[in-house]
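Listed below, chain by chain, are the residues.
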Amino acid sequence: MGLRLHNTLARRTEDFHPVVAGRVGIYGCGPTAYGPAHIGNFRTFVFYDLVHRYLEWKGYQVRFVMNLTDVDDKTIRAARDEGVSLGHYTQPWVDRILEEADVLGIRRFDLYPRATNYIEEMVQIVQRLLDRDLAYTTEDGSVFFDISAFPTYGRLSGRDLEKARQGERVSADEYGKEDVRDFALWKGTKPEDEKVGAAWDAPWGRGRPGWHLECSAMALAEVGETLDLHLGGEDLIFPHHEDEIAQSEGATGRTFARYWLHVKHLRVEGKKMSKSLGNFITVGDLLEEGVSPAAIRHQLLSAQYRSELNFTRAGLEASSRAVRRLVAFGERIREHPVAADAPPTSLLDLADQATEAFNRAMDDDLNSAAGMAALFIFVKRANAVLDATEALDPGERERAVRVLESLDQVLGLLELSERSHVVDASLREWVEERIRARAGARERKDWGAADRIRDELAERGIVLEDGEGGTRWKREEGVG
RNA sequence: GGCGCCGUGGCCAAGUGGUAAGGCAGAGGACUGCAAAUCCUCUAUCCCCGGUUCGAAUCCGGGCGGCGCCUCCA
């Protein structure tokens, strides 16, 4: 089976073939470190994680680089307002973004380059563009890319350049471009830049890089001249990625990225969300409300990345229940009795079907919704098998467990919920003592005493489950 | 105004020419001292109208409705 991806550049779904068979180089546009990332950002980053995990699951050797933008208009302004250097301002946000990514089970990528560490590379790109007459300098020391010298400009976003020119509102032309459509590669230094340390020397003048240039420099330096995959949110198609292509290909003469994947923006409770509107919720907010990370992750994966996804509390509740079902199945099958002489069941077939269906769904442009459905079909049917089976053949049980784990290598749901089940030892001891006391009461058929203990535990958020092998307990989960 | 997306059961969401995956909720059942938890079973003809086709949720045309990008933004 082969992976197919919807390539924004081609406007259709294509077979995926990396430049070098078996190896994939990926660059994902990361966040700007000027504030907390919101849940919409994390739809994109969880998608990156899905791409990362799935390609590795398929056996590719993956190099995945996601940048952290730490110098741009917003970070400079914020650092100036707080009276600190750029690095002082951005570092805490970088830390928090990575922490929250960890919470959601986003596996660490290979590298998180920061723009300020690649100034030299950026200067080189600009120099090459100047040498090739694809860019020009202005009086204040800025450098602009000359769009008229790059015929395929507009191909990614599919826009008509002439119309764009006419429709464009001519904004305050601070840096003196020749054409409103030209974009800044380098911005001549201003006093506020100097104040926060956001100014570097370059042959044509002191200044700082344009936002688009940062990504090109980091991608070319850390992934290579031709990326297999370039990922980003849909808002980046124009102008960010369009400009990345122009400056990268202008500098190298090579195809910059073969496949461009763009994640549709998330909505929250039916409304558009964006940093500028200020209506964003963060992972931290959700955790404080008691929402489980696995529920968040589940909801973010519940729709295919190119379709609309409305992030809601009701949806989180549903996701939480769904994850619980998965976890319960995992526990159940691991504990199901085995016997060497157990008769064969359909479990092996079900396991094969699950893997096959999952693979097919994910190969079809990373359809995580269909992929998760494949897993849940397995859970449902395997549960029915367990209902009807006293004991399993050890090999069958082993196989079923392995398939569950295998699919979770990509989805990362069980992995996450297991991680959050860690409880401190003293609590554990106390709970277990209470459970023993209750067991004694139950043996005496003193139901009143037994129920009082259960209530006592419930007050501390501990839920009991009486089963065949004794009483199990767990912490009550909050919403989601 | 330009470009583009979407409209599937109470909610979320797959399926894109061969007769509706999955999750949540709901109902029924199993289990239980009672519970909780868990498991099983059941519940749709796909916004409307017209067309193409042996056959359409799936293709075409027209409506109605929702949304995104075009500006810093994942």
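This is a predicted model, so every value here is computed, not measured.

## Side note on the pairing of strand 1 (residues 4-7)
For a regular strand, the rule is simple: side chains alternate between the two faces of the sheet.
Stage number 1. Here strand 1 pairs with strand 2 (residues 12-15) via 4 bridges, running antiparallel. Residue Leu5 lies in a different strand from strand 2, and its bridge partner there is Glu14.
Stage number 2. Taken together, strand 1 and the strand that follows it, strand 2, pair antiparallel across an intervening segment of 4 residues, in which Arg11 is found at a positive phi of about 60°.

## Digging into the sheet that holds strand 13 (residues 309-311)
Stage number 1. The 3 strands lie next to each other as 12-11-13, forming an open sheet whose pairing is mixed. For this open sheet the edge positions go to strand 12 (271-272) and strand 13, each flanked by a neighbour on one side alone.
Stage number 2. Pairing of strand 11 (residues 266-268) with strand 13 involves 3 bridges; the strand directions are parallel. If you follow Leu266 over to strand 13, its bridge partner there is Leu309.
Stage number 3. Across the sheet, helix 10 (residues 293-301) lies against strand 11 and strand 13, angled at about 155° from strand 13, the strand it touches most.

## Points about the confidence of the model for chain A
Stage number 1. Mean pLDDT over chain A: 90, with 92% of residues reaching 70 or higher.
Stage number 2. Helix 5 (residues 161-167) is the least confidently modelled element of chain A, averaging 49 in pLDDT, while strand 4 (residues 61-66) averages 98, the highest of any element.

## Some points on the packing of helix 11 (residues 313-335) against helix 14 (residues 394-411)
A pair of packed helices is captured by two measures, namely the crossing angle of their axes and the spacing between those axes.
Stage number 1. In contact at an axis separation of 9 Å, helix 11 and helix 14 are set at 155° when each is read in the N-to-C sense. By the angle between their axes, helix 11 is roughly antiparallel relative to helix 14. The handedness of the crossing between helix 11 and helix 14 is left-handed. Every residue of helix 14 that contacts helix 11 at Phe329, Gly330, Ile333, Arg334 and Glu335 is listed here: Arg397, Ala400, Val401, Leu404 and Glu405.
Stage number 2. Looking at the contact of helix 11 with helix 14, its residues break down into 5 nonpolar, 1 polar and 4 charged.

Here is what the cut-offs are and how they apply
Residues numbered from 1 in each chain as written. Chains lettered and ligands numbered in written order. Predicted model: local features only at pLDDT ≥ 70, side-chain atom pairs only at ≥ 80, totals over all residues. Heavy atoms only, no water. Pairing = 2+ DSSP bridges. Helix = DSSP H or I, 4+ residues; strand = E, 2+ residues; numbered from the N terminus. Contact = heavy atoms within 4.5 Å. Axes fitted to C-alpha atoms, helices over the stretch in contact; angles between N-to-C directions. pLDDT = per-residue confidence, 0-100. Parallel < 35°, antiparallel > 145°, perpendicular 65-115°, else oblique. Left-handed = near helix turned anticlockwise from the far one by under 90°. Nonpolar A, V, L, I, M, F, W, Y, C, P; charged D, E, K, R; others polar.

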